[in-house]
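If you want the building blocks of each chain, they are given just below.
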Amino acid sequence: MTLEMDSCTYAYRRWLKPVLTDFSWELPQGLTILLGPNGAGKSTLLRLCAAVALPRTGTVRFQDMPSRRREYRQAIAWMPQNITPIRGLTAREYVSYLGWLKGMNRSDAWTEAAQALKRVELSELADTRTTRLSGGQLRRVGVAGALVHQARVILLDEPTAGMDPRQRRVFRDLLRGLADDVQVLMSTHDVADLAEEADNVAVLEGGRFLYSGDTAGFLSHTPPGTASGRLAEGAYTALLEQG
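Residues numbered from 1 in each chain as written. Predicted model: local features only at pLDDT ≥ 70, side-chain atom pairs only at ≥ 80, totals over all residues. Heavy atoms only, no water.

> Describe in detail the overall build of the chain, supporting the description with residues and values.
Summing up its helical and strand segments, the chain has eight helices and 10 strands in all. In terms of overall dimensions, the chain is globule-like: its C-alpha atoms have a radius of gyration of 18 Å, near the 18 Å expected for 243 residues. Looking at the chain as a whole, 49% of its 243 residues qualify as buried. Partitioning the intrachain contacts of the chain with sequence separation of at least 6 by distance along the chain shows that 65% fall at a separation of at least 24. Accessible surface, the chain as shown: approximately 11700 Å² in total, 48% of it carbon and sulfur. Charge separation in the chain, taken as the distance between the mean sites of 29 positive and 27 negative side-chain charges, equals 8 Å. (Helix = DSSP H or I, 4+ residues; strand = E, 2+ residues; numbered from the N terminus. Rg over C-alpha atoms; globule rule 2.2 N^0.38 Å. Buried < 20%, exposed > 50% of the residue type's maximum accessible area, 1.4 Å probe, protein only. Contact = heavy atoms within 4.5 Å. Areas by Shrake-Rupley, 256 points an atom, 1.4 Å probe, with all protein chains shown as cover. Lys, Arg positive; Asp, Glu negative; His and termini not counted. Charge placed at Lys NZ, Arg CZ, Asp CG, Glu CD.)

If you want it as structure tokens, here you go:
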């Protein structure tokens with residue numbers, strides 16, 4: 001029971017070089033951190049998995065459901081890189097609206113929105129209009145929107161950008177708890193987000209994986225003599241240099 005990409009090719013314009021070419025991957029169970037430099041294809045990969053974009057060739061599926069089906073979209077939650085506030089909506093109304101878009105009835109969406117905001121420690125701002133929230137608070141609202149409809153796979157694109165250290169700690173604890181029940185894929189530029197919580201790491205560059213496997217295997221690429229607090233950074237840099 002997993003999300004799979006099979007021989008996917010995708011370009012933003014037909015005349016442009018594809019970002020991903022004949023790309024196949026199976027999302028591991030648990031929490032997977034997706035690393036890579038700008039332009040590596042991380043956001044494209046997430047957009048395909050979220051069915052926001054469809055591959056030119058190949059298929060994306062979950063439990064044998066292709067990404068074109070409504071049931072697929074209901075099983076997948078996606079938080080994009082940029083969270084746009086909706087003028088006039090409070091945080092709770094915003095999260096409830098996202099639940100309704102995923103097929104929840106209005107009553108259930110309203111109830112679950114309160115619980116989702118509680119999980120990201122934003123209950124006290126539930127009645128605050130989204131246009132008045134800080135960047136970090138708005139991103140936590142985006143995470144709540146990804147949690148509201150009880151998805152089986154959660155995709156997060158740079159979710160910790162704009163969060164202070166305490167908020168990041170709370171968020172990583174939340175992810176660790178989620179990954180016990182659902183598959184979580186989190187894209188980030190910050191190798192520190194790996195911490196010790198991730199079950200798996202995937203490093204993407206130029207539309208291909210330099211590494212995809214468990215965290216211990218990733219850290220084994222750390223050069224000798226690397227400081228203990230910079231093991232993940234050392235492994236990531238070494239993989240990029242090896243190409």
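> Tell me about the packing of helix H3 (residues 91-101) against helix H4 (residues 106-119), and name the residues and values.
Running from N to C, H3 and H4 cross one another at 125 degrees; their axes reach a closest spacing of 8 Å. With respect to their mutual orientation, H3 and H4 come out oblique. Handedness of the crossing formed by H3 with H4: right-handed. Residues Ala91, Arg92, Glu93, Val95, Ser96, Gly99 and Trp100 of H3 touch H4, and the partners they reach there are Arg106, Ala109, Trp110, Thr111, Ala113, Ala114, Ala116 and Leu117. Tallied by class, residues from the contact of H3 with H4 come to nine nonpolar, three polar and three charged. (Axes fitted to C-alpha atoms, helices over the stretch in contact; angles between N-to-C directions. Parallel < 35°, antiparallel > 145°, perpendicular 65-115°, else oblique. Left-handed = near helix turned anticlockwise from the far one by under 90°. Nonpolar A, V, L, I, M, F, W, Y, C, P; charged D, E, K, R; others polar.)

> Would you mind going over the sheet that holds strand S10 (residues 208-214) in detail, with residue names and values included?
Read across the open sheet, the six strands follow the order S6-S7-S8-S3-S9-S10; overall the sheet is mixed. Sheet topology places strand S6 (76-79) and S10 at the edges, where each strand pairs with a single neighbour. With strand direction ignored, the average angle separating the axes of adjacent strands in the sheet is 15 degrees. For strand S7 (residues 153-157) and strand S8 (residues 183-188), the ladder comprises five bridges, and the chain directions are parallel. Looking at the pairing, leucine 155 lines up with leucine 185 of S8. Each of strand S3 (31-35), strand S9 (200-205) and S10 touches helix H8 (residues 231-242); the most contacted strand, S9, lies at about 35 degrees to it. (Pairing = 2+ DSSP bridges.)

> Which residues make up the sheet that holds strand S1 (residues 3-10), and what values do they have?
If you walk across this open sheet you meet the four strands as S2-S1-S4-S5, and the pairing is antiparallel. Only two strands of the sheet have a single neighbouring strand rather than two, namely strand S2 (20-26) and strand S5 (65-66). Helix H1 (residues 42-49) rests against S1, S2 and strand S4 (57-62) of the sheet, and its axis sits at about 120 degrees to S1.

> Quick one: what's the story with a nonpolar patch on the surface, residue by residue and with numbers?
On the surface, a cluster of nonpolar side chains totalling about 360 Å² of accessible area is made up of Ile86, Tyr97, Trp100 and Leu101. Mapped onto the elements of the fold, isoleucine 86 is located in the loop between S6 and H3. The exposure class of isoleucine 86 is partly exposed, given its relative accessible area of 32%. (Patch = residues over 30% accessible without salt bridge, like charges linked within 9 Å, V, L, I, M, F, W, Y side chains within 5 Å. Salt bridge = Lys/Arg side-chain N within 4 Å of Asp/Glu carboxyl O.)

> With reference to specific residues and values, describe the pairing of S4.
Examined bridge by bridge, S1 and S4 share five bridges and lie antiparallel to one another. Its bridge partner being in S4, threonine 9 is matched across the sheet by threonine 57. Across two bridges, the pairing between S4 and S5 is antiparallel. Within S5, the position partnered with phenylalanine 62 by the bridge is methionine 65. Linkage of S4 to S5, two consecutive antiparallel strands, is achieved through a turn of two residues, within which glutamine 63 is found at a positive phi near 50 degrees.

> I'd like to hear about unusual backbone geometry, residue by residue, with values.
Keep in mind that most residues, glycine aside, have a negative phi and that most peptide bonds are trans. A positive phi is found at glutamate 121, a non-glycine position, where the angle reads about 60 degrees. For glutamate 158, which is not glycine, the phi torsion reads 50 degrees and is therefore positive. Structurally, glutamate 158 can be placed in the loop between S7 and helix H6 (165-178).

> Can you lay out the pattern of salt bridges for me, pointing to particular residues and giving the numbers?
Enumeration over the complete set of coordinates arrives at four salt bridges. Linking glutamate 4 and arginine 61 is a salt bridge whose minimum nitrogen-to-oxygen distance equals 3.8 Å. Note that glutamate 4 is positioned in strand S1 and arginine 61 in strand S4, a separation of 57 residues in sequence. Glutamate 71 is the partner of arginine 69 in a salt bridge, and the nearest nitrogen-oxygen pair spans 3.4 Å.

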